Amino acid sequence: MVEEFAPAVRRGPNRTQWAAVTAVALALLFAGGAVTVASAERDEAPRTPATDSADAGFARDMSVHHQQAVEMSFIVRDRTRDESVRRLAYDIANTQANQRGMMLGWLDMWGLPKLRSGVEPMTWMGMGSTGDSGPSDGALMPGMATNAQMDALREADGREAEVLYLKLMTEHHKGGVHMAQGCVQKCAPGVERDLAQGMVDAQQSEILLMADMLKQRGA
C-alpha cells in the first residue's frame, strides 16, 4: 500500500523573524548614514585664509624674519670657537629654518603668494614700516638687524663676534616675540596660532639665556 503524503505547506516568517530582519535593515541603514557623514567630514575642504589675513601675513613676515636669524647664526658659528655660542646658534638656525619651512608650506597649501609687492610688512598687525632709516637698510621688521650690523658681524671675530651676535639676536627675538604675540591674538585657532605661541615661549626663554651669556662676557 502506497502512502500518500500531502505537500508541505510553506509558511511565511513569523513575527520574531520579521523583527530580526527589520532590525538588521535598520542597522545597515544607520551604519550607511554614519559612513556618509564621516566621509563628508573627512572630505570637507580645509579653511583657506585670505591673502590679507593675519594668518597669511604672519606666515609671510615671520618667514622673512626667521631667514635673517638663520643667516646670523651661521655667520657667528664661523666667527667663534666658543661652544656655548655655537650650540645656541645651531639651535636657533635649526629651529627657525624648520619653522620657516612650515610657514612657507602653509602658504603653498593655501595657494597664496609668499610675497606681496606694494604691501608693507606688519600691515596685518596694523603697523607700517619700521626703523628710523626705513626698510632700505635691511631692517624690514622690528628687531631685524640692519645691513651695516650684518656686515659688522661678518667682520668680527672671537668675543667681539659673540657679543655682537648675542645683542643682535636678543633684539631679533624681541621683535619676533612681538610679531608672534600678534598672531596669537589675531590668527584663527589652529596649528599656526599654536606655533606662534610656541615661538613666544621659546624665544622669551632664549632672551633670558642670552642675557646671562652677555653678563658672562662683561657686556
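Residues numbered from 1 in each chain as written. Predicted model: local features only at pLDDT ≥ 70, side-chain atom pairs only at ≥ 80, totals over all residues. Heavy atoms only, no water.

Draft legend 1. Layout of the layout of surface pockets. Estimates place the volume of the largest pocket at around 270 Å³. Lining the largest pocket are 18 residues, and of these Arg 60, Asp 61, Val 119, Glu 120 and Pro 121 lie nearest its centre. Split into classes, the residues belonging to the lining of the largest pocket amount to eight nonpolar, four polar and six charged. (1 Å grid on protein atoms, 1.4 Å probe; cavity = no way out; pocket = protein on both sides within 12 Å on 5 of 7 lines; lining within 4 Å. Points joined across faces, edges and corners; volume = space filled by probe spheres on them. Nonpolar A, V, L, I, M, F, W, Y, C, P; charged D, E, K, R; others polar.)

Draft legend 2. Representation of the packing of helix H2 (residues 54-79) against helix H5 (residues 158-186) in the model. At a closest axis distance of 10 Å, the pairing of H2 and H5 adopts a crossing angle of 165 degrees. Relative to H5, the element H2 is oriented roughly antiparallel. Considering how the two elements wind past one another, H2 and H5 form a crossing that is left-handed. On the side of H2, the interface is formed by Ala 54, Phe 58, Asp 61, Met 62, His 65, Gln 68, Ala 69, Met 72, Ser 73, Val 76 and Arg 79, while H5 contributes Gly 158, Ala 161, Tyr 165, Leu 168, Met 169, His 172, Gly 175, Gly 176, Met 179, Ala 180, Cys 183 and Lys 186. (Axes fitted to C-alpha atoms, helices over the stretch in contact; angles between N-to-C directions. Helix = DSSP H or I, 4+ residues; strand = E, 2+ residues; numbered from the N terminus. Parallel < 35°, antiparallel > 145°, perpendicular 65-115°, else oblique. Left-handed = near helix turned anticlockwise from the far one by under 90°. Contact = heavy atoms within 4.5 Å.)

Draft legend 3. Quick look at the environment of Val 70. In this fold, Val 70 is placed in helix H2. Note: C-alpha distance between Val 70 and Asp 91 (21 residues apart in sequence) is 9.7 Å. Setting aside anything within four residues of it in sequence, one finds Val 70 in contact with Ala 93, Gln 96 and Ala 97.

Draft legend 4. Local environment of the confidence of the model for the protein chain. Averaged over every residue, the pLDDT of the protein chain is 84; the share at 70 or more is 75%. Overall, residues 33-45 carries pLDDT values under 50, and its contacts beyond four positions in sequence, including any with other chains, amount to zero contacts. (pLDDT = per-residue confidence, 0-100.)

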